[in-house]
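# Structural features, examined
Take a look at the letters that make up each chain.
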Amino acid sequence: MADLTTNFIGITSPNPFWLASAPPTDKEYNVRRAFEAGWGGVVWKTLGEAGPPVVNVNGPRYGVVYGADRRVLGLNNIELITDRPLEVNLEEMRRVKRDWPDRALIASLMVPVNEDAWREILHRVEDTGCDGVELNFGCPHGMSERGMGSAVGQVPEYVGQVAHWCKKHSNLPVIVKLTPNITDIRKPAQAAKDGGADAVSLINTINSITSVDLDLFAPEPTIDGQGAHGGYCGPAVKPIALNMVAEIARDPATAGLPISGIGGVTTWRDAAEFMALGAGNVQVCTAAMTYGFKIVQEMISGLSQYMDDKGFTSVDQLVGRAVPNVVNWKDLNLNYVTKAKINQDDCIKCGRCYAACEDTSHQAIAMSEDRVFTVKDDECVACNLCVNVCPIEGCITMERMAAGAVDPRTGEVVREEYANWTTHPNNPGRCAAE
Amino acid sequence: MRDRQLAPGIVAGRLDPAALQSNFTDLHPPLDDHEALVAADRCYFCHDAPCITACPTSIDIPLFIRQIATGTPEAAAKTILSQNILGGMCARVCPTETLCEEACVREAAEGQPVLIGRLQRYATDTLMEQGVHPFTRAAPTGRRVAVVGAGPAGLACAHRLAMKGHDVTLYDGRAKPGGLNEFGIAAYKSTDSFAAREVAWLMQGGGITLETGKRLGREITLTELQEDHDAVFLGIGLGGVNALGLSGEDREGMRDAVDFIADLRQADDLASLPVGRDVVVIGGGMTAVDAAVQAKLLGALNVTLVYRRGRERMNASRYEQDLAASKGVRIVTNATPIAVHGNGAVREVEFEYSDDDLRPTGERFRLPADQVFKAIGQALEGADLPARDGRKIAVSGPGRTSLPGVWAGGDCAAGGDDLTVTAVAEGRDAAEDIHATLMAEG
Ligand SMILES: Cc1cc2nc3c(=O)[nH]c(=O)nc-3n(C[C@H](O)[C@H](O)[C@H](O)COP(=O)(O)OP(=O)(O)OC[C@H]3O[C@@H](n4cnc5c(N)ncnc54)[C@H](O)[C@@H]3O)c2cc1C
Ligand SMILES: Cc1cc2nc3c(=O)[nH]c(=O)nc-3n(C[C@H](O)[C@H](O)[C@H](O)COP(=O)(O)O)c2cc1C
Ligand code: SF4
Ligand code: SF4
Ligand code: SF4
């Protein structure tokens, strides 16, 4: 079994699976049980200023998008930061860290944008023995209306400023948690880096309305006939999160900045994908809220098995491995010609490939009287739609055409060498091929 | 009760009421809302779906399943009923394992078809429970059509004609409508008087006058009907039963399986229905299986179903055979009955082993029996019917017979399987043809 020990910005944990700042980490009882279940670390539920804590709604705070059999695909929430007194949280953090010294314990913080407020909270938090702080610039509802959370995260100058204060007033490693509710994720990441942050974590939740009650005509979750937008997370947001992680990992301005990957991590495979795109570890919320803490055992065994299969002896060998292969569209090889191919032995003759291609794409699949489906190579543009809609995995494959063969669709000879849009004759701004 | 079970002869009350109650509940209990959604989610919404082709009434299965999946079972029911007005009964009795579900691509993929029949029941039950009849009649045409036989074929035909605006008189020789839905289908497939409820629901559409106790060849004649109506449809099923032609066939305890089943379907109290201790059923079709299974469920100690050819040749599907075996029915194949023994009442039936081509092997055996059910096929009854093709009424196209203005469909007409759903399809298609013909006449 591969060693999953992770060192993220100097903070070690037995594995790269942390619980994100959210209800699973809201109190001592939860966090102790999470550590018992095997989680490598937790980011404690976001703390606010001393004084009377925030209040939550007393009606429903979650909405869900379901897949087949009520599988939770996406979760939306209108919960705020911790609604328990600061002192209670700090005392609990201290006790838990004392009893679990090998696990990572990070304090998530959100206070108004003024230096005193940050200095004050940092001092109180340092006292708990925690391993670092995460600045919550992501929460997109409620707190943002009060000038905090994503209201900060959407303004790169504020992000850099607060990161700077935190480095100035504390020796703890600082992670800046980014909001995805922004056009270009690289800007706040760069601001965090410039402000001195040790790492960024992303994504926080995405502004969302999960559904509308068609009898009450109100968004869900509905509170007394009304609803407010919430923050979306869970498997549905993973593609968005992966892209944002990759953007930061491959931009020269931010490359090398440590990233804690968050957003829809549900299985070991999701975690491995985030890490391959540059995340040094991952954080999980919705999957734990859906299935309980035990899922970490599958994540641990799955990632170990994968690393063993690949011959990786440390998670560092996985981190960032896919980053060089994330390129811009213009860099893609236009001489890579493929054709869909249907394996007749696997085909169950449902006709979905036919309907998809015939109705909405390139009319490149033929259907015979007796329901035999075949690809017309002279029409197939290799779009992949048939592969995507076929219910049988592996039944339709994309087969590369050998160099020298003639593509029956274009009548052109498939060429061996790599050539992309930048040198394509149709490109008015092409540069001459070397 | 134990004594009752062991008591020889044909006696009532072999099982206590609780056991009978549980034995005769729904074979496949209805899906609840969540089960229906899970089952519906498995449908791939196939293009030109093979399940539709396999359904004799060509129900748009992917569409109705999608309507269930999106929370509109009422719309799903309408999709079903527009093709098959007895979609509720068909959902319960269709041998789906040889029809739609056999063709389902998920059967090919993983041996687990989408539960089409049970989803169909979910949708139709939902609508029928609301007491809604989703169709309305077209403007009256002033045409009168006689439909003879209120079984599935006649009901489907009458309904479609009524919807087209024709006035239909539906005659049936029995006191109750429904045909074999009411008198033949196994009790655990049609529970809670479903057959009667379905007919009552269908009649809500209007335009149909039901005349029970009117039998063609007894109270009414075909010539009279032709004179009084613009068209006639015959959906009289197969009223007669084939005889074994054995010595001793008239002994006490020998019965036609269909009569036993009809008694069972009409019984108010199953505990009052007598059944033998050692029951032998002769035949290999659905009727034989139903008689055997229900005899067993009524409390017969030993039930043996004997078929003269091999298993593969049995008309009952493999699923039905397995169902019988699971209920404790013993299936003996390749054995032809040759004699019924006993003094007055039957005591034993003697068989001779035979190969699939019915060549006797000379080897014989006897089975003890105090009750024997004959289920070797039904036959068309009646004189003065249109020309025949073999043992049934000859038809061309959508049920046209040799007589002008007379159509036929269902079990009494040649061609097609003897199934409820086939009868519905034939009745419906004949109605469309009758309608087209009457309207063309102007
Ligand atoms: C025991 C048994 C079990 C079966 N189980 C199944 C099953 O599980 N699934 C399935 O799909 N199929 C099953 N079948 C077959 C199915 O019941 C028939 O195919 C279907 O009922 C045929 O419909 P029909 O309308 O043609 O005839 P019928 O249902 O037989 O209806 C004919 C009607 O005509 C009336 N009638 C007859 N003669 C006259 C006359 N001279 N004048 C006036 N009225 C007359 C009768 O009273 C009856 O109401 C079963 C059949 C039997 C016998
Ligand atoms: C109910 C709920 C409350 C949350 N509260 C916080 C919070 O207080 N602080 C924070 O930084 N993120 C909070 N989040 C965001 C999560 O930490 C995480 O970034 C997000 O859910 C994406 O990860 P996931 O897809 O694994 O759930 C919350 C999420 C949920 C569902
Ligand atoms: S979608 Fe796949 S299984 Fe269905 S017909 Fe096409 S190739 Fe066959
Ligand atoms: S009517 Fe019968 S064969 Fe047709 S879809 Fe329904 S259950 Fe299947
Ligand atoms: S064949 Fe099966 S999966 Fe395809 S449409 Fe019919 S029920 Fe659905």
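Residues numbered from 1 in each chain as written. Chains lettered and ligands numbered in written order. Predicted model: local features only at pLDDT ≥ 70, side-chain atom pairs only at ≥ 80, totals over all residues. Heavy atoms only, no water.

Regarding its fold elements, chain B presents 18 helices and 17 strands. Here the C-alpha radius of gyration of chain B, 22 Å, is about what a compact globule of 442 residues would show, namely 22 Å. Based on the C-alpha atoms only, the size of chain B along its principal axes is roughly 65 × 55 × 40 Å. The buried share among the 442 residues of chain B stands at 54%. Considering only contacts within chain B whose residues lie at least 6 apart along the sequence, 69% involve residues at least 24 apart. By element, 47% of the accessible surface of chain B is carried by carbon and sulfur atoms, the whole surface being about 18300 Å². (Helix = DSSP H or I, 4+ residues; strand = E, 2+ residues; numbered from the N terminus. Rg over C-alpha atoms; globule rule 2.2 N^0.38 Å. Buried < 20%, exposed > 50% of the residue type's maximum accessible area, 1.4 Å probe, protein only. Contact = heavy atoms within 4.5 Å. Areas by Shrake-Rupley, 256 points an atom, 1.4 Å probe, with all protein chains shown as cover.)

What follows covers the UniProt feature "domain: FAD/NAD(P)-binding" (unreviewed entry) in chain B. What UniProt calls "domain: FAD/NAD(P)-binding" (unreviewed entry) maps, in this numbering, to residues 144–427 of chain B. Taken end to end, residues 144–427 of chain B is 26% helix and 26% strand, and its two terminal C-alpha atoms sit 16 Å from one another. (UniProt positions renumbered as here; feature names shortened; annotations may be inferred.)

Turning our eyes to something else, we now look at a nonpolar patch on the surface. Residue and element names in this part refer to chain A. On the surface, a cluster of nonpolar side chains totalling about 460 Å² of accessible area is made up of Ile209, Val212, Leu214 and Phe217. Of note, leucine 214 is situated in the loop between strand S12 (211–213) and strand S13 (218–220). By relative accessible area, leucine 214 is classed as exposed at 65%. (Patch = residues over 30% accessible without salt bridge, like charges linked within 9 Å, V, L, I, M, F, W, Y side chains within 5 Å. Salt bridge = Lys/Arg side-chain N within 4 Å of Asp/Glu carboxyl O.)

Relative to the elements of secondary structure, threonine 169 of chain B occurs in strand S2 (residues 167–172). Setting aside its immediate chain neighbours within four residues, threonine 169 of chain B contacts Val145, Ala146, Val147, Thr209, Glu211 and His229 of chain B.

To continue, consider the site of ligand 1. Residue and element names in this part refer to chain B. Close contacts around ligand 1 come from 34 residues, with Val93, Asp172, Lys189, Leu216 and Asp411 the closest. A distance of 2.8 Å separates a nitrogen atom of ligand 1 from a polar backbone atom of leucine 216. Leucine 419 is positioned such that a nitrogen or oxygen atom in its backbone is 3.1 Å from an oxygen atom of ligand 1. A total of 1000 Å² of accessible area belongs to ligand 1 in isolation, and the protein chains cover 95% of it. Looking at the shell around ligand 1, the elements with two or more residues in it are helix H11 (152–163), helix H15 (257–266), helix H16 (286–298) and helix H18 (420–441). Residue contributions to the shell around ligand 1 peak at 3 residues, all from H16. (Near = heavy atom within 4 Å. Polar contact = N/O pair within 3.5 Å; in protein donor to acceptor, adjacent residues only side chain to side chain.)

In this section: the environment of proline 8 of chain B. Residues and elements named next belong to chain B. Looking at the element boundaries, proline 8 is found in the loop between helix H1 (2–6) and helix H2 (17–23). Proline 8 sits 310 residues away from arginine 318 along the chain, and the two C-alpha atoms are 32 Å apart. Among all residues touching proline 8, those that are not within four sequence positions of it are Arg14, Arg277 and Asp370.

Glancing now at unusual backbone geometry. The omega torsion of the bond from leucine 202 of chain A to isoleucine 203 of chain A falls at 15°, within 30 degrees of zero and hence cis. With respect to the helices and strands, the residue isoleucine 203 of chain A is situated in the loop between strand S10 (199–202) and strand S11 (206–208). Note that the residue after glutamate 220 of chain A, namely proline 221 of chain A, is joined by a cis bond; omega there is 0°. Phi is positive for aspartate 69 of chain A, which is not a glycine, with a value near 55°. Mapping aspartate 69 of chain A onto the fold places it in the loop between strand S5 (62–66) and strand S6 (72–77). A positive phi is found at aspartate 48 of chain B, a non-glycine position, where the angle reads about 45°. By the secondary structure assignment, aspartate 48 of chain B is in the loop between helix H3 (33–41) and helix H4 (50–54). Note on aspartate 48 of chain B: relative accessible area 46%, which makes it partly exposed.

All right, on to the interface of chain B and chain A then. Across the contact, 13 residues belong to chain B and 14 residues belong to chain A. The junction of chain B with chain A conceals about 1000 Å² of combined surface from both sides, 65% of it contributed by carbon and sulfur atoms. In this structure, the connection of chain B to chain A is made through 0 salt bridges. Our enumeration of links across chain B and chain A arrives at 6 residue pairs in polar contact (both at pLDDT 80 or more). At the level of secondary structure, the elements contributing two or more residues to the side of chain B that touches chain A comprise H3 and helix H9 (105–110) of chain B. Of the residues assigned to the side of chain B that touches chain A, the class counts are 9 nonpolar, 2 polar and 2 charged. (Buried area = accessible area lost by both parts, 1.4 Å probe. Nonpolar A, V, L, I, M, F, W, Y, C, P; charged D, E, K, R; others polar.)

Moving on: the UniProt feature "domain: Dihydroprymidine dehydrogenase" (unreviewed entry) in chain B. The positions that UniProt labels "domain: Dihydroprymidine dehydrogenase" (unreviewed entry) are, in the present scheme, residues 22–131 of chain B. A distance of 28 Å separates the end C-alpha atoms of residues 22–131 of chain B, which is 61% helix and 0% strand.

A word on the site of ligand 2. All names here are of chain A. As a structural note, the neighbourhood of ligand 2 is formed by 23 residues, with Ser21, Thr46, Lys177, Gly264 and Thr286 the closest of them. In this structure, an oxygen atom belonging to ligand 2 sits 2.5 Å away from a main-chain N or O atom of glycine 264. A distance of 2.9 Å separates an oxygen atom of ligand 2 from a polar backbone atom of cysteine 285. About the coverage of ligand 2: the protein hides 98% of its 610 Å² of free accessible area. Here ligand 2 is seated within the largest cavity. Put simply, the parts of the chain that give the shell around ligand 2 at least two residues each are strand S4 (41–47) and S6. Its residues assigned to classes, the shell around ligand 2 shows 10 nonpolar, 10 polar and 3 charged. (1 Å grid on protein atoms, 1.4 Å probe; cavity = no way out; pocket = protein on both sides within 12 Å on 5 of 7 lines; lining within 4 Å. Sits in = over half its atoms within 2 Å of the grid points.)

We now examine the sheet that holds S2 of chain B. Residues and elements named next belong to chain B. The 5 strands are arranged S3-S2-S1-S4-S17 in an open sheet whose pairing can be described as parallel. The open sheet is flanked by strand S3 (208–212) and strand S17 (406–408), the only strands paired with a single partner. For this sheet, the mean inter-axis angle between neighbouring strands, taken without regard to orientation, is 20°. Where strand S1 (residues 144–148) and S2 come together, 5 bridges link them in parallel fashion. Counterpart to alanine 146 in the pairing with S2 is threonine 169. H11 rests against S1, S2, S3 and strand S4 (231–234) of the sheet, and its axis sits at about 165° to S2. (Pairing = 2+ DSSP bridges. Axes fitted to C-alpha atoms, helices over the stretch in contact; angles between N-to-C directions.)

This next bit is on the nonpolar core. Ile61, Phe64, Ile68, Ile116, Leu119, Val147 and Ile434 of chain B are the most contacted members of the largest nonpolar core, which totals 85 residues. Of all the elements, H11 of chain B adds the most residues to this core, at 8 residues. Isoleucine 434 of chain B has contacts with Val145, Cys157, Leu161, Ala231, Phe233 and Trp407 of chain B, leaving out every residue within four places of it along the chain. Cys166, Ala189, Ile203 and Val245 of chain A belong to the second-largest nonpolar core, a separate cluster that totals 84 residues. (Core = buried A, V, L, I, M, F, W, Y, C linked by side-chain atoms within 4.5 Å.)

In the structure shown here, the tally under the stated rule is 9 aromatic pairs over all chains. Geometrically, the ring pair formed by tryptophan 118 of chain A and phenylalanine 137 of chain A is edge-to-face, given 6.3 Å between the ring centres and 75° between the ring planes. Of the two residues, tryptophan 118 of chain A sits in helix H3 (residues 115–126) while phenylalanine 137 of chain A sits in the loop between strand S8 (132–136) and helix H4 (150–153), which places them 19 residues apart along the sequence. We note that tryptophan 118 of chain A, like phenylalanine 137 of chain A, is buried. Ring centres of phenylalanine 351 of chain B and phenylalanine 365 of chain B lie 5.4 Å apart, and the angle between their planes is 20°; this geometry places the pair in the stacked category. With phenylalanine 351 of chain B in strand S11 (residues 348–354) and phenylalanine 365 of chain B in strand S12 (residues 360–368), this pair connects stretches of sequence that are 14 residues apart. Note on phenylalanine 351 of chain B: relative accessible area 0%, which makes it buried. (Phe/Tyr/Trp six-rings, centres within 6.5 Å; stacked < 30°, edge-to-face > 60°.)

In this section: the domain arrangement of chain B. Note: interface size is frequently given as the accessible area lost on complex formation between the parts. Residue and element names in this part refer to chain B. As far as domains go, chain B holds domain 1 (33–129), domain 2 (144–239 + 380–441) and domain 3 (241–378). Computed over C-alpha atoms only, the centres of domain 2 and domain 3 are separated by 30 Å. Counting from both sides, the interface comprises 17 residues of domain 2 and, opposite them, 16 residues of domain 3. For the domain 2 and domain 3 pair, buried surface summed over both sides reaches about 1300 Å², with 44% attributable to carbon and sulfur atoms. Joining domain 2 to domain 3, the criterion identifies 1 salt bridge. One salt bridge connects lysine 189 with glutamate 320, and the closest N-O pair in it is separated by 3.5 Å. At the surface where domain 2 touches domain 3, the tally comes to 9 residue pairs in polar contact (both at pLDDT 80 or more). No other element matches the 4 residues that helix H12 (residues 180–183) contributes to the side of domain 2 that touches domain 3. Its residues placed into classes, the side of domain 2 that touches domain 3 shows 9 nonpolar, 4 polar and 4 charged. (Domains from an automatic or database assignment.)

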